[in-house]
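Residue-level listing of the chains:
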Amino acid sequence: LRDFQDDQRQAAVDFTLKTDDGMAPRMLPQADLVLLGVSRAGKTPLSIFIAQTMGLKVSNVPLVKELDPPQQLLVEQHHRGKHHHRVGKDQVDPRRVFCLTMQP
């Protein structure tokens, strides 16, 4: 028998595959987690692993020197004492964005 967790995990994997490698930037605000990194940093396997094991919708976006990041990742900052972020409905909350690095 399938249960809610199975359905949630399957939906998360489907979302993750649809948004793999920055393919659907308009869907980024729906992601539970966004992974950023250069090519070959392991974004896709990590995204799928998280979706399968935790049921989180994960998008991954490549960082390419010649291209600007998707507009959905750019959040207006206001400085009132501490850093405050104003996140629009078509933007990603910066607290859900993680950058992957590689050590040579």
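Residues numbered from 1 in each chain as written. Predicted model: local features only at pLDDT ≥ 70, side-chain atom pairs only at ≥ 80, totals over all residues. Heavy atoms only, no water.

Participant: Can you break down unusual backbone geometry residue by residue, with the values?
Facilitator: A positive phi angle, near 60°, is found at D21, a position not held by glycine. Positionally, D21 belongs in the loop between α1 (4-18) and β1 (33-37). (Helix = DSSP H or I, 4+ residues; strand = E, 2+ residues; numbered from the N terminus.)

Participant: Report on the side chain of T16, specifying residues and quantitative values.
Facilitator: Checked against the element boundaries, T16 lands in helix α1. A polar contact of 2.8 Å, which involves the side chain of T16, links it to the backbone oxygen of A12. Setting aside chain neighbours within four positions, we find T16 in contact with S47, I48, A51, L56, K57 and V58. (Polar contact = N/O pair within 3.5 Å; in protein donor to acceptor, adjacent residues only side chain to side chain. Contact = heavy atoms within 4.5 Å.)

Participant: Any details on the pairing of β1? Residues and values, ideally.
Facilitator: Counting buried positions along β1 gives five out of five residues, so the element sits mostly inside the fold. Residues L33, L35 and G37 point to one face of β1 and V34 and L36 to the other, with burial holding for every one of them. In this structure, β1 lies alongside strand β2 (residues 58-62), joined through five bridges in parallel fashion. Across the sheet, residue L36 finds its bridge partner in β2, namely V61. The parallel pair β1 and β2, bridged by helix α2 (residues 43-54), forms a crossover whose chirality is right-handed. Here β1 pairs with strand β5 (residues 97-99) via three bridges, running parallel. Bridged to V34 within β5 is V97. (Buried < 20%, exposed > 50% of the residue type's maximum accessible area, 1.4 Å probe, protein only. Pairing = 2+ DSSP bridges. Right-handed = clockwise from strand over helix to strand, strands pointing away.)

Participant: Describe the packing of α1 against α2, with residues and values.
Facilitator: A pair of packed helices is characterised by two quantities: the angle between their axes and the separation of those axes. One can describe the packing of α1 onto α2 by two numbers: an axis separation of 7 Å at closest approach and a directional angle of 165°. On the basis of the axis angle, α1 is roughly antiparallel to α2. In this structure, α1 crosses over α2, and the sense of that crossing is right-handed. Listed contacts from α2 to R9, A12, V13, T16 and L17 of α1 are S47, I48, A51, Q52 and T53. (Axes fitted to C-alpha atoms, helices over the stretch in contact; angles between N-to-C directions. Parallel < 35°, antiparallel > 145°, perpendicular 65-115°, else oblique. Left-handed = near helix turned anticlockwise from the far one by under 90°.)

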